[in-house]
Amino acid sequence: MDKPIVSVIMPTHNDVKYLTRAIDSVISQSFKEWELLVVDDGSTDETPDVIASYCKKDERIKPFRIEKASGSPTKPRNIGIENATGRYIAFLDSDDVWLPTKLERQIATFEKHEDAAIVFSYYNTINEQGLMMNKPVVSPATTDYKQLLKGNVIGCLTAVYDTKKTGKLYFPYCGHEDYVVWLSILKQNWKAYNTNSIEAKYQLKKSSVSSNKFRAMQWQWNIYRNIEKIGFFKSMYYFVNYAFKAVYKRKNRLERL
């Protein structure tokens, strides 16, 4: 196989119920020049067997395994990034799904905008029965560093970044780690562009909606003050914007369940 253009990073842990659906959605891409790095985070179910069966059928799929589960997608994502050989790096968790045109439209968007270091898309949500929810999760046509400080509008399952412009960037061990990566990229005066189309499906689970809101707020504040080193009053300004968006987003998710 020639060197791939896109490296897709897929962490998985005991997710055999959805794993084949996720892998199939990568195989079904209209853009074919990709590699898929599936990183098994210490699964104890049939996940390793499923991964092995796909690797036998498609040489673009590459298996990696962490023997002792890390309990977070951060370590498996970083293992995937470390071993990625493509110019562009994309992310898809093993319970989510891409639509067939995702990579094709996103690579075309990179080619259209010279200042693009990230391309992302709208995405829809599906419930635990696989049924589509009513409203897609939409986001701005473009965003930069200052705009992104007001709240993350880049869904990780839709994001692709260009290592030729940014180098390989790894996920830090903190809350909202994907958000930290996007900020670090846009801080270099690059921009993120939206395809303005729905290109993925996010698996919505009741457990994800009922996550600890206070902890998420602590993570956000830590990003402003300790990672981005923003002054107190500016941090308060950005935090109020973040909190408003978070409440609105959570309300919409609860209505969809």
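None of the values given here were measured: they were computed from a predicted structure. (Residues numbered from 1 in each chain as written. Predicted model: local features only at pLDDT ≥ 70, side-chain atom pairs only at ≥ 80, totals over all residues. Heavy atoms only, no water.)

Focus on the overall build of the protein chain
As a reminder of what qualifies: Under the DSSP-based scheme used, a helix requires at least four consecutive residues in state H or I and a strand at least two consecutive residues in state E, with every element numbered from the N terminus. Throughout this description, buried means an accessible area under 20% of the type-specific maximum (1.4 Å probe, protein chains only), exposed means over 50%, and partly exposed covers the range between. The criterion used for residue contact is that any of the two residues' heavy atoms lie within 4.5 Å. What sets the accessible areas is the Shrake-Rupley method with a 1.4 Å probe; for residues, cover comes only from the shown protein chains. Charge counting follows a simple rule: Lys and Arg are positive, Asp and Glu are negative, and His as well as the terminal groups are ignored. Where a charge lies is defined by one atom per residue type: Lys uses NZ, Arg uses CZ, Asp uses CG and Glu uses CD.
On a plain count of helices and strands, the protein chain comes out with ten helices and nine strands. When its C-alpha atoms are laid out on the principal axes, the protein chain stretches across 55 × 40 × 35 Å. When the 257 residues of the protein chain are sorted by exposure, 49% land in the buried category. At a minimum sequence separation of 6, the contacts of the protein chain that also span at least 24 residues come to 78%. Looking at the protein chain as shown, the accessible area adds up to about 12500 Å², and 54% of this sits on carbon and sulfur atoms. Side-chain charges of the protein chain comprise 38 positive and 29 negative groups, with the mean position of each set lying 8 Å from the other.

Some thoughts on the environment of Val 181
Among the structural elements, Val 181 can be located in helix α7 (residues 177-186). Judged by its relative accessible area of 1%, Val 181 is buried.

Details of the pairing of strand β9 (residues 191-203)
Strand residues, when the strand is regular, have side chains that alternate between the two faces of the sheet. For the record, the criterion: For two strands to be treated as a pair, DSSP must find no fewer than two bridges joining them.
Direction of pairing for strand β5 (residues 97-98) relative to β9: antiparallel, over a ladder of two bridges. Residue pairing across strands places Trp 98 opposite Ala 200, the latter belonging to β9. Summarising the sheet, strand β6 (residues 116-126) and β9 pair through eight bridges and their orientation is parallel. Within β9, the residue paired with Ile 126 across the bridge is Gln 203. Relative to β9, strand β7 (residues 142-143) runs antiparallel, the two sharing two bridges. In the strand pairing of β9, Thr 143 is matched with Ala 192.

Here we look at the environment of Leu 103
Here Leu 103 is to be found in helix α4 (residues 102-112). Between the C-alpha atoms of Leu 103 and Glu 199, which are 96 residues apart in sequence, the distance is 8.6 Å. Residue contacts for Leu 103: discarding those within four places in its chain leaves Val 6, Gln 29, Phe 31, Trp 34 and Trp 98.

Some details on the pattern of salt bridges
As a reminder, the rule being used: For salt bridges, the criterion is a side-chain nitrogen of Lys or Arg within 4 Å of an Asp or Glu carboxyl oxygen.
Evaluation of the coordinates by the stated rule reveals ten salt bridges. Residue Glu 67 is joined to Arg 65 by a salt bridge in which the shortest nitrogen-to-oxygen separation is 3.3 Å. Take Glu 67: its relative accessible area is 62%, and that puts it in the exposed class. On the accessibility criterion, Arg 65 (38% relative accessible area) is partly exposed. One connected set of salt bridges, linked through shared partners, spans Asp 40, Arg 65 and Glu 67.

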